[in-house]
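Chain by chain, the residues:
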Amino acid sequence: MKIHRKGLVIAAAVLFLGGLCAVRFTFAGKYIMIPYRTVESAPDGAKPSRMHKPVKAVAESTGLLDDKIKEIVKEAADKELEMGIVENQAGEFVFTFSIDDFIGRYNSIYQAGKGEAYLAPSSEWRAYNYDRAIHSGYGCSYYNYSKDESILPFPTISVYTPSGSDNVHEITLNFDDHSYTEPLFKAYEDMCFYTLKTLLPDLADEEIVTLYTTLNDLAYEHLTLVDYTPESVPYAVYCRENVAVYPYFAIGESLRLCIIPAAQQYIEEMESRGAEIVPY
């Protein structure tokens, strides 16, 4: 039986604010208490240098945006992603597909199921440059997209790419549980479904639902006080061929479903730090 998400988070927050000094989680190490906030945090120690691809006003870009989406969907309609892994530079691994390859394939699958595209071209996403990524010490670009920016807690999708490259280093799906409503959580689950269907095309629909439901439940069951940073360790990492998926939920941050290349170095590092590795 699922634990009511909102009640669980509120109870955890009450304990936290009431003076809880130390909580023993599955992870090893000492954690620092963090204040409540609803915005996504940058990789530890990283600061956005500038917004290099600002979102255009809807009134100015709707027609052009529709044309771009249609073009991307058409190009990706019958083309599955190349799901290889390459070492972009020493110790930094990326998928062999680009952010726009991902957007195109996602939209193709989403359109087949929903009758319309979902993601805008990457040029329309909020984007920042950071000094480092979560899984490497190198600089990265951080892209974030909300389908409805008029609703502040609307679920978002984030893509990290290495500086100077469009290849995908990490994807996170983000849900602000502090503003929990059933429609918003359903929108988040839809993003989980179509993202995993894009990246794991061999899985049946019911298997995809089981996978993201299991991972999201694990996130709620293993709340942590550690921000999502290079120091954070997920409770469990589910691996299938070249794709590694794991949940992460820190008090004060958004619930995340994270997807990275299942590079041996990454998996071994997380396992050595206490994460359970689950072949799927």
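Keep in mind the model is a prediction, meaning the values are calculated, not measured. (Residues numbered from 1 in each chain as written. Predicted model: local features only at pLDDT ≥ 70, side-chain atom pairs only at ≥ 80, totals over all residues. Heavy atoms only, no water.)

**Q** Sorry if this is basic, but what is going on with the overall build of the chain here?
**A** Check the secondary structure of the chain and you find six helices and ten strands. Taken over 280 residues, the chain has a buried fraction of 54%. For the chain, contacts bridging at least 24 residues in sequence account for 64% of all contacts bridging at least 6. Carbon and sulfur atoms make up 53% of the accessible area of the chain, which amounts to about 13,100 Å² in all. (Helix = DSSP H or I, 4+ residues; strand = E, 2+ residues; numbered from the N terminus. Buried < 20%, exposed > 50% of the residue type's maximum accessible area, 1.4 Å probe, protein only. Contact = heavy atoms within 4.5 Å. Areas by Shrake-Rupley, 256 points an atom, 1.4 Å probe, with all protein chains shown as cover.)

**Q** Mind showing me how you'd approach the sheet that holds strand β7 (residues 236–240) here?
**A** Through backbone hydrogen bonds, the strands of a sheet pair up, either in parallel or in antiparallel fashion. Pairing is mixed in the open sheet, where eight strands are placed in the order β3-β4-β5-β6-β9-β8-β7-β10. Of all strands in the sheet, those with a lone pairing partner are β3 (126–130) and β10 (276–279), marking the two edges. Going from strand to strand, the sheet's axes swing by 20° on average, the running direction of each strand aside. The pairing of strand β4 (residues 140–146) with strand β5 (residues 156–162) spans seven bridges and is antiparallel. Of the residues in β5, the one forming a bridge with asparagine 144 is serine 158. Here helix α4 (residues 182–199) sits on the sheet and contacts β5, β6 (170–175), β8 (243–249) and β9 (255–261); the angle it forms with β6, its principal contact strand, is near 160°. (Pairing = 2+ DSSP bridges. Axes fitted to C-alpha atoms, helices over the stretch in contact; angles between N-to-C directions.)

**Q** Would you explain the confidence of the model for the chain in this entry?
**A** For any part of a model where pLDDT is low, the fine detail of the predicted coordinates should not be relied upon. Per-residue confidence for the chain gives a mean pLDDT of 82; residues scoring 70 or more make up 72%. Residue range residues 13–41 is modelled with pLDDT below 50. Its contacts to residues more than four positions away, or to other chains, number 47 contacts. Predicted confidence is poor over residues 49–61, with pLDDT under 50, and the contacts of this stretch with residues over four places away or in other chains come to 26 contacts. (pLDDT = per-residue confidence, 0-100.)

**Q** Looking at this structure, how should I read the pattern of salt bridges?
**A** A side chain with one charge can pair with a side chain of the opposite charge if their charged atoms come near. This model, assessed by the stated rule, comprises seven salt bridges. For glutamate 149, the salt bridge is made with arginine 126, and the minimal N-O distance between the two is 2.8 Å. One end of the pair, glutamate 149, is in the loop between β4 and β5; the other, arginine 126, is in strand β3, and 23 residues separate them in sequence. Arginine 126 gets classed as partly exposed once you look at its relative accessible area, which sits at 23%. The network of salt bridges with shared partners includes Lys114, Lys186 and Asp190. (Salt bridge = Lys/Arg side-chain N within 4 Å of Asp/Glu carboxyl O.)

**Q** Got a minute to help me understand the packing of aromatic side chains in this structure?
**A** Aromatic ring pairs are reported here in terms of the distance separating the ring centres and the angle at which the planes meet. Enumeration according to the criterion identifies 22 aromatic pairs in this entry. Here the aromatic rings of tyrosine 130 and tyrosine 142 are separated by 5.6 Å at their centres, their planes lie at 65°, and the arrangement is edge-to-face. Here tyrosine 130, found in strand β3, pairs with tyrosine 142, found in strand β4; they are twelve residues apart in sequence, far enough to count as distant. A relative accessible area of 11% means that tyrosine 130 is categorised as buried. Through pairs of rings, three or more aromatic residues link up here, namely Phe102, Tyr106, Tyr110, Tyr118, Trp125, Tyr145, Phe193 and Tyr194. (Phe/Tyr/Trp six-rings, centres within 6.5 Å; stacked < 30°, edge-to-face > 60°.)

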